[in-house]
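What follows is each chain in one-letter form.
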There are 2 protein chains.
Amino acid sequence: MATMQDVARLARVSVSTVSYVLTGARPISQATREKVLAAMAELDYQPHAMARGLASRRSRIVGLLLPIDERGLGATETAFVTGAAAAASAAGYHLVLSPVGVNDLDELRRLASQRMLDGALLMEVQLADPRVAVLQEVGVPLVLIGRTEDPSGLSYVDIDFDLTVRDAVDHLVGLGHRRIVYVNHSAAALADGYGPALRTRDAFAAAMAGHGLAPLMIPADDSAAGGRAAMAAALAQAPDLTAVLAMNESAVFGILGELAGRGRSVPGDVSVVSMVTSPQVAELATPALTAMTSPGSALGRIAVETLLRHLDADNGEIHQQLLPCALEVRGSSGPPRATGGDGITGAGPARPAPAPTEEAARRRAATRRRA
Amino acid sequence: MATMQDVARLARVSVSTVSYVLTGARPISQATREKVLAAMAELDYQPHAMARGLASRRSRIVGLLLPIDERGLGATETAFVTGAAAAASAAGYHLVLSPVGVNDLDELRRLASQRMLDGALLMEVQLADPRVAVLQEVGVPLVLIGRTEDPSGLSYVDIDFDLTVRDAVDHLVGLGHRRIVYVNHSAAALADGYGPALRTRDAFAAAMAGHGLAPLMIPADDSAAGGRAAMAAALAQAPDLTAVLAMNESAVFGILGELAGRGRSVPGDVSVVSMVTSPQVAELATPALTAMTSPGSALGRIAVETLLRHLDADNGEIHQQLLPCALEVRGSSGPPRATGGDGITGAGPARPAPAPTEEAARRRAATRRRA
DNA sequence: GTGAAAGCGCTAACAT
DNA sequence: ATGTTAGCGCTTTCAC
């Protein structure tokens, strides 16, 4: 394998000149540049990553820290990972996947102290995440995927749960629904202070209040069984509900199953909208799920770009960005069957359902836009 | 950050002694070892990854080469990736995720020539995969996930499609099914020579023949719509079918939808078994899918371990291993409703369905074993 | 605009 | 059993 020495020799210049041609750190005359480039091409020269890293103190590697304790990544997380990998690769960086338990702080410190990582992306950020302090101590620039309780001074990208919930609620209310139940993550997750569960809970209450409607919320375990149980509980509590908004991607299939088991059709009797869901998963259901499509890949890309910006320019420009999930209307939502007898709670102004044909056209257009 | 120099100074030994304590490449007396270890602890010393890599010519980084052109990773691939990451991490290695198009050979050559990768894992291997030759030219040890047409001389891990199909067919035949349709990947995939599609096709034919039954096979596009169409075609072709074996993870939900749409119950009228499927996905269906569970995580782990063995000992010990998917019986398979009027094709000896109670017990046991 | 040379922090001969 | 030292291949002063 050719080294920079070889190139310099062949081009009859010094190694430093070759280096400067490569890095562009100082002006090189057109003539020598071409000589050097020709020599590099001739020798099939590729800079040695470790040597360059050692000398420049920049590995051109960023770490993606994913929690180890989870039972695998969901479709959204996977999209995030591949999006990040693609963005890093496009920028000439490498992305290493480092499984580190959220509380395995020693392991994290070790990893960060090896000077192999120019920066790190933190997945599954908790409201109080001890990993942040560790990384900061060691001086590794980082970008959060998610938010800590107080993210001031930290760069992050996260889903805009407020806007996503509001859009979902608007969609259902726009169809004419007034009794809408929100199926959140588990009670345990809420008690643990799991950010998305908390944020969507508040956002749902606010969005419903904005329409003069009473919020109805049920937690569900992250499983089909959890969804079934939650749906049963919801129907017991509000037999007249006409729509379900499900945060819980795992539970939503149980919700559909329970509805089918009780002979309630979707979307005829009950509309179902799934939050933070990938198209692939939404398409699995019958009917395909109207869903708030998670911006997984874009999140990954933006997170990497943000991190690289921190590395290139050392200006401490904090970047905080929220991305909403986009509504994709599929087959699981529609106007409620009967506008009849409500008045049980939150009797407020709700828009009437649009005429069927008009509505159908609208839905088709919305779907097409995303395709 | 402390360097090896600092440690040596504090421990009053030479740098090489510190190095040897770290690498264990030569015997060190108990006394000095302890001095050194103490100094390292005191200084919070961590070896500099790049420096070590440059000097030792081993980066302790392995690459996971995933095709960029795909529309995201499925659950099986994701499990593979995380399994590989965990195994690498456990062995003190790092795993970089490199998205490289299957035909972007220049990019691959560049990547491999940077000397950043000690070895590579190749995902989504094609029957004739040009990436293999590139990696071999550059001298990067590799392990395939999947198999080329002629994998002699190459280490690989792959799913044992033959055994998996046989086990699935045995399960269905054991339940009493005789008219079984195999829903494969798309016709295009078959024409392209997509290995898994080809291998399972032949395995299905063989397994059915082994039971004296006629194989019935239908291709399906990788989508819910593809599954619906395939199911419709299958029913048109063989109205008396009682079981479906689906290779196509995306299509299987369409299959279920089509059956439900036609009022055929699962597993009452038709049993459905899904191939190469993750438990998470299997649980989404109602009823939950009896499935051949893909060994994604184990494949990832074994692939990494195999690769590391190649790196440590330079003996060219080729390692080729096939892992079957394990049958996990859930709710979508059961005995056929009626043994009545078959004799249309492949009239051969088929085991009768076991008595209901006995069978139920067997199924439960099988499930428990895997839990 | 270009070259010479001093490291970057470590490993691995070569010494003793 | 330990120390000395010459690199690993590159970046980056410092000189011209």
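Residues numbered from 1 in each chain as written. Chains lettered and ligands numbered in written order. Predicted model: local features only at pLDDT ≥ 70, side-chain atom pairs only at ≥ 80, totals over all residues. Heavy atoms only, no water.

## Things to note about the packing of aromatic side chains
Residues and elements named next belong to chain B. Quick note on the threshold: Stacked, tilted and edge-to-face are the three classes applied to pairs of Phe, Tyr and Trp rings, where Trp contributes its six-membered ring and a pair requires centres within 6.5 Å; stacked means planes under 30 degrees apart, edge-to-face means over 60, and tilted covers the rest. For the purposes of this entry, the term helix denotes a DSSP run of H or I that reaches at least four residues, the term strand denotes a run of E that reaches at least two, and both are numbered from the N terminus. Each residue is assigned to one of three classes by its accessible area relative to the maximum for its type, calculated with a 1.4 Å probe on protein chains only: buried under 20%, partly exposed between the two thresholds, exposed over 50%.
As enumerated under the stated definition, the model contains 3 aromatic pairs over all chains in all. Judged by centre distance (5.1 Å) and plane angle (25°), the ring pair of Y182 and F204 falls under stacked. Of this pair, Y182 sits in strand β6 (residues 180–184) while F204 is found in helix α10 (residues 195–210), placing the two residues 22 residues apart along the sequence. The same class applies to Y182 as to F204, namely buried.

## Overview of the confidence of the model for chain A
Stated formally: As a per-residue measure, pLDDT reflects the predictor's confidence and takes values from 0 up to 100. The criterion used for residue contact is that any of the two residues' heavy atoms lie within 4.5 Å.
In this model, chain A carries a mean pLDDT of 90, and residues with pLDDT of at least 70 account for 90%. A low-confidence stretch, residues 340–371 of chain A (pLDDT under 50), is modelled with 41 contacts involving residues beyond four sequence positions or located in other chains.

## Description of the environment of M4(A)
All names here are of chain A. Here M4 shows up in helix α1 (residues 4–11). Overall, M4 belongs to the partly exposed group, its relative accessible area being 23%. Along the primary structure M4 and A303 are separated by 299 residues, whereas in three dimensions their C-alpha atoms are 34 Å apart. Leave out the neighbours within four places in its chain, and M4 touches V15, V18, S19, L22 and Y45.

## Some words on the side chain of T164(B)
With respect to the helices, strands and loops of the structure, T164(B) is situated in helix α8 (residues 161–175). With residues up to four places along the chain from it excluded, the contact list for T164(B) reads I159(B), M275(B), M292(B), P324(B) and C325(B).

## Examining the protein's contact with DNA strand C
As a reminder of what qualifies: Consider each residue's heavy atoms; a residue with any of them within 4 Å of a molecule or strand counts as near. In the analysis that follows, any N or O atom pair within 3.5 Å is treated as a polar contact, provided that within protein one partner can donate a hydrogen and the other can accept it, and provided that, for residues neighboring in sequence, both atoms belong to side chains.
In the neighbourhood of DNA strand C, 27 residues make up the surrounding shell, with T17(A), R26(A), R57(A), M4(B) and Y45(B) lying closest. Near the protein, within 4 Å, the atoms of DNA strand C are sugar or phosphate in 58% of cases. Note that a base nitrogen of DNA strand C is positioned 3.2 Å from one of the side-chain N or O atoms of Y20(B). At 2.4 Å from a phosphate oxygen of DNA strand C is found a side-chain nitrogen or oxygen belonging to Y45(B). Counting only elements with at least two residues in the surface near DNA strand C, the list comes to α2 (15–23) and α4 (49–56) of chain A together with α2 (15–23) and α4 (49–56) of chain B.

## Observations regarding the interface of chain A and chain B
For clarity, the cut-off: A carboxyl oxygen of Asp or Glu within 4 Å of a side-chain nitrogen of Lys or Arg is what we treat as a salt bridge. Nonpolar residues are Ala, Val, Leu, Ile, Met, Phe, Trp, Tyr, Cys and Pro. Charged residues are Asp, Glu, Lys and Arg, and all others, Gly as well, are polar.
In this complex, chain A contributes 40 residues to the contact, which on the side of chain B involves 41 residues. The interface formed by chain A and chain B contains 0 salt bridges. Taken together, the links from chain A to chain B amount to 7 residue pairs in polar contact (both at pLDDT 80 or more). Mapped onto the side of chain A that touches chain B, the elements with two or more residues apiece are α4, α5 (75–90), β2 (94–99), α6 (105–113), α11 (224–237), α12 (251–261) and α13 (279–284) of chain A. Tallying contributions element by element places α5(A) first for the side of chain A that touches chain B, with 6 residues. Considered class by class, the residues forming the side of chain A that touches chain B number 21 nonpolar, 14 polar and 5 charged.

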